[in-house]
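# Results of the structural survey
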Amino acid sequence: MAREKWNNQFAFIMAAIGSAIGLGNVWRFPYMAYDNGGGAFFIPYILALLTTGVPLLILEYYLGVRKQVGPTESYGLIRKNANYIGWFSLGIAAMITIYYTVIMGWAWNYMYHSFHVNWSGDASGFFYNNVLGLSDGVGNLGGIRWPIVFGNLLTWVSIFLIVFKGVKVVGKVVNWTVGVPWALLLLIIIRGITLKGSLTGLEYYLRPDFSKLLEPSVWLAAYGQIFFSLSLGFGIMIAYSSYLPEDSDINGSSWIVAFSNCLTSFFAGFAVFSILGYLAVSTNQPVSEVVASGPGLAFVTYPTAIAKLPGGIVTQAIFGLAFFFMLLLLGIDSAFSLVEAIITGFKDSFNFKRETVTFWVTLLGFILGTLYCTYAGLYWLDIVDHWMNWGLVIVGLLESILIGWFYDPHKVLEDVNSTSSIKLNGFWIFSIKYLTPAILLITLISNFYTEFSKPYGGYPLWARLVGGWFLLLAIFILSIYLQKLVRNKNAKLGK
Ligand code: PHE
């Protein structure tokens, strides 16, 4: 049977952009820039983009486009028994999806609360007590927060409806899930920069501190951000590109996706820091006192600022709705890209029907997410999120080593160039063979060191083992097992 296809290259590019642009562009990038040298951070960031981001993106597209199969089959076509890399990346993708959808569940709740700006007065208390009902420690699950379960359900139903028909529908939906948040971002930026104090905030965001460039941690942050932001190492880009025609332009798409993503991050910084500046000035604090990232930014600091917007409750409600709707749309195409990677993997390796896999993945994902809907949900989310980043770096390392050292990167280069508008040169080989593995290895080693010298988040050892190391190990073992399972199945079928 012929493999399903995107309607056109544009649909694919929009879907890839939608996957790349997510919560991280808004709640991670601006803070990273601020914390790592402001305007000076753009130097390591752009270098990371050029030396690792784009080369790996090209590599993943190459695997998908030329092999015409998803992550669980394409590595094996490069080298026998390498499919476990693909399964491993899907395991990581699954773990991330399960909490990513819960975060979107919070955003659904905040959409609802936006109508009356329910958080005004004490946004922090509202988030931690009223919405999450956060317990006193990881071991105390407390009970289930049903409104969050409901939000999570809404997310999963949306995902199911979007992906169960295949990439033709996905390709149409992404015009909206990429276009609308861009428009909303623009609206929020315009409102933000016309507020009193916005320039103070922007100054914090962009003021360059070049001395920071001497700190290795700044460089690691840049590479980490690029990696996460471009959705590399999840198998997503391999899955998505496997639905392109075999002779597609690989390099051109990579550049477009990479630049759209990074520009969005850059502009998101304006939306975040203009409002932080306003908040700081209107409460007579320095910007450094109000700055935040992650859930704290999106669900506490930003809402605090929204509740202080001039124009009364109607304006505040409108901006609350705009902001959380933007988050939901930013998140949804990242979430369904993760799910699509998983579906593609099972479909390719086991010949399951798309509808059936989608149903089971959705159901399981929703049910497992309940852990994050407990009173200790935020703690577990934080732990798993932290350790899954390990997985990503490991995948990046394995894939670059596989192509650079166990395959002929010159062959890939020639092949990729033969159908691409922009031609790659030997730098790509240098990057895949030496630079990328070296940087990822340094990242691993230095983080390994930090992990043991300073327990992450101050969580107890058992929780770090269960939600971190053991989980990673279990995913790895399962990946090897699945690779074997598929091999035995194929051997029986005489393939
Ligand atoms: N790239 C997305 C972001 O920056 C995050 C993401 C993670 C997307 C995992 C897909 C998968 O937010």
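The environment of the ligand is made up of 14 residues, and the closest members are Ala20, Gly24, Phe228, Ser229 and Phe234. Measuring from a nitrogen atom of the ligand, one finds a backbone N or O atom of Ala20 at 2.9 Å. Broken down by secondary-structure element, the contributors of at least two residues to the shell around the ligand are helix H1 (9-20), helix H2 (23-27), helix H11 (216-229) and helix H16 (312-350). Of the residues forming the shell around the ligand, the biggest block, three residues, is contributed by H2. Along the lines of polarity and charge, the residues of the shell around the ligand split into seven nonpolar, seven polar and no charged.

In this structure, the largest pocket encloses a volume near 1500 Å³. In this structure, the largest pocket is lined by 43 residues; those nearest its centre are Arg28, Met32, His386, Asn389 and Tyr456. The dominant element in the lining of the largest pocket, judged by the number of residues it contributes, is helix H18 (residues 377-405), at ten residues. Its residues placed into classes, the lining of the largest pocket shows 23 nonpolar, 14 polar and six charged.

Where nonpolar side chains cluster on the molecular surface, the patch consists of Phe150, Leu153, Leu154, Val157 and Leu161 and spans about 430 Å² of accessible area. With respect to the secondary-structure elements, Leu161 resides in helix H8 (residues 146-163). Here Leu161 falls in the exposed class, since its relative accessible area comes to 52%.

Another point: H1. With twelve residues, H1 ought to run about 16 Å at 1.5 Å a step, and its terminal C-alpha atoms sit 17 Å apart, in line with that. Burial of H1 is extensive: ten of the twelve residues sit out of reach of the surface. Here H1 has its buried residues at Ala11, Phe12, Ile13, Met14, Ala15, Ala16, Ile17, Gly18, Ser19 and Ala20. Between a side-chain oxygen at the N-terminus of H1 and the backbone nitrogen of Phe10 the separation is 3.2 Å; the capping residue is Asn8.

Following the criterion strictly, the structure yields five cavities of 30 Å³ or more and no others. Estimates place the volume of the largest cavity at around 150 Å³. Taken together, 16 residues line the largest cavity, and the ones lying closest to its centre are Ser19, Tyr100, Phe228, Ser231 and Ser334. Residue assignment for the lining of the largest cavity shows that the elements contributing at least two residues are H1, H2, helix H6 (83-114), H11 and H16. Taken together, the residues of the lining of the largest cavity sort by class into eight nonpolar, eight polar and no charged.

What follows concerns the nonpolar core. By size, the foremost hydrophobic cluster in this structure holds 177 residues, and its most contacted members are Trp6, Trp106, Phe299 and Trp428. By residue number, the principal contributor to this core is H16, which donates 19 residues. Discounting chain neighbours no more than four positions away, the residues touching Trp428 are Pro55, Ile58, Leu59, Ile403, Pro409, Val412 and Leu413.

In total, this model carries 53 aromatic pairs according to the counting rule given. Ring plane angle 70° and centroid distance 5.3 Å describe the contact between Phe12 and Tyr61, whose orientation is recorded as edge-to-face. Of the two residues, Phe12 is situated in helix H1 and Tyr61 in helix H4 (residues 42-67); the sequence distance between them amounts to 49 residues. Aromatic rings pair up to connect Phe29, Tyr31, Tyr34, Phe41, Phe42, Tyr45, Tyr204, Tyr205, Phe266, Phe267, Phe270 and Phe273 into one cluster.

Right, let's get into the side chain of Arg66. Here Arg66 shows up in helix H4. Its relative accessible area of 13% is what places Arg66 among the buried residues. A polar atom in the side chain of Arg66 sits 2.9 Å from the backbone oxygen of Glu246. Among the polar contacts made by the side chain of Arg66, one reaches the main-chain carbonyl oxygen of Asp415 at a distance of 2.7 Å. Every residue in contact with Arg66, bar those within four places of it in the chain, is listed here: Tyr61, Glu246, Asp247, Ser248, Ile250, Asp415, Val416, Ser418 and Thr419.

On to the pattern of salt bridges, then. Any two side chains of opposite charge can pair if their charged atoms end up close together. The full count for this structure, using the stated rule, is six salt bridges. Glu4 serves as the salt-bridge partner of Lys347, at 3.7 Å between the closest nitrogen and oxygen. Taken together, the residues span a long stretch of sequence, with Lys347 in helix H16 and Glu4 in the segment before H1 at a distance of 343 residues. For Glu4, a relative accessible area of 24% gives the class partly exposed. Residues Arg66 and Asp415 are paired through a salt bridge, measuring 2.7 Å at the closest nitrogen-oxygen approach. One end of the pair, Arg66, is in helix H4; the other, Asp415, is in helix H19 (residues 409-418), and 349 residues separate them in sequence. When salt bridges that share partners are traced, they join Glu4, Glu340, Lys347 and Arg354 into one network.

About the thresholds
- Residues numbered from 1 in each chain as written.
- Predicted model: local features only at pLDDT ≥ 70, side-chain atom pairs only at ≥ 80, totals over all residues.
- Heavy atoms only, no water.
- Near = heavy atom within 4 Å.
- Polar contact = N/O pair within 3.5 Å; in protein donor to acceptor, adjacent residues only side chain to side chain.
- Helix = DSSP H or I, 4+ residues; strand = E, 2+ residues; numbered from the N terminus.
- Nonpolar A, V, L, I, M, F, W, Y, C, P; charged D, E, K, R; others polar.
- 1 Å grid on protein atoms, 1.4 Å probe; cavity = no way out; pocket = protein on both sides within 12 Å on 5 of 7 lines; lining within 4 Å.
- Points joined across faces, edges and corners; volume = space filled by probe spheres on them.
- Patch = residues over 30% accessible without salt bridge, like charges linked within 9 Å, V, L, I, M, F, W, Y side chains within 5 Å.
- Areas by Shrake-Rupley, 256 points an atom, 1.4 Å probe, with all protein chains shown as cover.
- Salt bridge = Lys/Arg side-chain N within 4 Å of Asp/Glu carboxyl O.
- Buried < 20%, exposed > 50% of the residue type's maximum accessible area, 1.4 Å probe, protein only.
- Expected span 1.5 Å × (residues − 1).
- Core = buried A, V, L, I, M, F, W, Y, C linked by side-chain atoms within 4.5 Å.
- Contact = heavy atoms within 4.5 Å.
- Phe/Tyr/Trp six-rings, centres within 6.5 Å; stacked < 30°, edge-to-face > 60°.

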